Amino acid sequence: MNLILLHKDDFISQTRVRLSGRRLQHIVNIQRAAIGDKLRVGEINGLSGTGEISSLNTEWLDMDVQLNQEPPEPLAITLLLALPRPKMLKRILQSVTSLGVKQIYLINTYRVDKSFWSSPLLQPKNLKEQLLLGLEQARDTILPDVHLCPRFKPFVEDELPGISKGTVAYVAHPGAESPCPGTLVQKSTLAIGPEGGFIPYELEKLQHCNFLPISLGKRILRVETAVPVLLSRFTQNQEKY
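Residues numbered from 1 in each chain as written. Predicted model: local features only at pLDDT ≥ 70, side-chain atom pairs only at ≥ 80, totals over all residues. Heavy atoms only, no water.

**So, the pattern of salt bridges**
Heads up, the rule is: The salt bridge definition used is simple: a Lys or Arg side-chain nitrogen within 4 Å of an Asp or Glu carboxyl oxygen. Note on conventions: DSSP H or I runs of at least 4 residues are helices, E runs of at least 2 residues are strands, and numbering of each starts at the N terminus. Here the term buried applies to any residue with accessible area under 20% of the maximum for its type, exposed to any over 50%, and partly exposed to those in between, with areas from a 1.4 Å probe on protein chains only.
Using the criterion set out here, one finds nine salt bridges in the structure. One salt bridge in this structure joins Asp 140 and Lys 102, with 2.6 Å as the shortest N-O distance. Of this pair, Asp 140 sits in the loop between helix 3 (124-138) and strand 9 (145-149) while Lys 102 sits in the loop between helix 2 (86-99) and strand 8 (103-107), and the two are 38 residues apart along the sequence. Judged by relative accessible area, which is 8%, Lys 102 ranks as buried. Between Glu 157 and Lys 153 there is a salt bridge, with the nearest N and O atoms lying 3.1 Å from each other. Within this pair, Glu 157 and its partner Lys 153 are both found in helix 4 (residues 152-164), separated by four residues, close to a single helical turn. Overlapping salt bridges, with partners in common, bring together Lys 153, Glu 157 and Lys 205 in one network.

This is the structure in structure tokens:
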């Protein structure tokens, strides 16, 4: 927890917050903080800064906070990700959030197991929990938007053209002739398929939406490995949405 995230209902005055539960336990047991210590804090979807512990007991702590710092710049990329199995999805959501992705579309494909769509992880509360973990890691405060798209064809035909408009669009696909660019400096949309990749029909539909197939080379990577490798190519792109 590199940043203590603050919710609106934590504020007991304009500049004072009261924390309990998981955050209290982390501050006391992991950071071993005491009254008078200053910690990095940030309001969800707001500014970050410092918080000084003013009172502390076994049930809660109070901090006086000063929020005056902007969050890190987001990646100017929209991520389309074929819904992976739940355990992998947890890790990926934390990872892409830490890297600064702010628009995430979880899409259905032929190779996505139908049971994945009934996972409790896709409930808004559970998704938010993983996103918050990613923000804490990266000292970010701005929550990504996660969109669930369980029907491939209607999504690609009706929604995707508007989503990718004004961006350079790529689809990561094993065996693609074009290598992934070394550094990407334009606002982009990136589609990543499931284990085994997109089937030819899906790839054709994406290409019809002007997605360029790109490859990371001859090695076949797991999705949870390919995602951060691909996103690392966008780390030089700091254009805001």
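**With respect to the sheet that holds strand 6 (residues 61-69)**
The strands making up a sheet associate through backbone hydrogen bonding, with each pair oriented either parallel or antiparallel. Note the cut-off: The pairing criterion for strands is at least two bridges between them, as found by DSSP. Angles shown run from 0 to 180 degrees and are taken between the N-to-C directions of axes, each axis being a line fitted to C-alpha atoms and, for helices, limited to the stretch in contact. The contact criterion used is simple: two residues touch if any of their non-hydrogen atoms lie within 4.5 Å.
The strand order across the open sheet formed by six strands is 1-4-5-6-3-2, and the pairing between neighbours is mixed. Unpaired on one side and paired on the other, strand 1 (4-6) and strand 2 (11-13) mark the two borders of the sheet. Averaged over all adjacent pairs, the angle separating strand axes in this sheet is 40°, with direction ignored. Sheet analysis places strand 1 next to strand 4 (residues 38-43), joined by three bridges and oriented parallel. For Ile 4, the partnering residue across the bridge sits in strand 4 and is Val 41. Helix 1 (residues 21-30) contacts strand 1, strand 3 (16-19), strand 4, strand 5 (48-56) and strand 6 of the sheet and is inclined by roughly 150° relative to strand 1.

**Re the nonpolar core**
In plain terms, the rule: Among buried residues, those of type Ala, Val, Leu, Ile, Met, Phe, Trp, Tyr and Cys that are joined through side-chain atoms within 4.5 Å constitute a nonpolar core.
The biggest cluster of nonpolar side chains holds 37 residues, and the ones touching the most others in it are Leu 81, Val 96, Val 101, Leu 190, Ile 192, Val 227 and Leu 230. Filtering out sequence-adjacent residues up to four positions away, Val 96 remains in contact with Leu 79, Val 101, Ile 104, Val 227 and Leu 231. Core analysis: the second largest hydrophobic core is formed by 17 residues, Ile 107, Phe 152, Val 156 and Ile 163 among them.

**Examining the packing of helix 4 against helix 5 (residues 200-208)**
Two packed helices can be described by the angle between their axes and the distance between those axes. Formally: Oblique is the label for any angle not covered by the other classes, which are roughly parallel (under 35 degrees), roughly antiparallel (over 145) and roughly perpendicular (65 to 115). Each residue gets one label: Ala, Val, Leu, Ile, Met, Phe, Trp, Tyr, Cys and Pro are nonpolar, Asp, Glu, Lys and Arg are charged, and the others, such as Gly, are polar.
One way to put it is that helix 4 packs onto helix 5 with a least axis distance of 10 Å and a crossing angle of 5°. One element, helix 4, and the other, helix 5, form an angle in the roughly parallel class. Of the residues in helix 5, those in contact with Phe 152, Lys 153, Val 156, Glu 157 and Leu 160 of helix 4 are Tyr 201, Glu 202, Lys 205 and Leu 206. Looking at the contact of helix 4 with helix 5, its residues break down into five nonpolar, no polar and four charged.

**Quick word on unusual backbone geometry**
Its identity as a non-glycine residue notwithstanding, Arg 32 has a phi of 50°, on the positive side. Inspection of the secondary structure puts Arg 32 in the loop between helix 1 and strand 4. When its relative accessible area of 68% is taken as the criterion, Arg 32 is described as exposed. You will see that Asn 210, though not glycine, has its phi angle at about 70°, which is positive. Overall, the relative accessible area of 65% leaves Asn 210 in the exposed class.

**Section: the side chain of Ser 48**
With respect to the element layout, Ser 48 can be found in strand 5. We classify Ser 48 as buried; its relative accessible area is 9%. Other than its neighbours up to four places away in sequence, Ser 48 contacts Leu 3, Val 41, Gly 42, Gln 66, Leu 67, Asn 68, Gln 69, Glu 70 and Thr 141.

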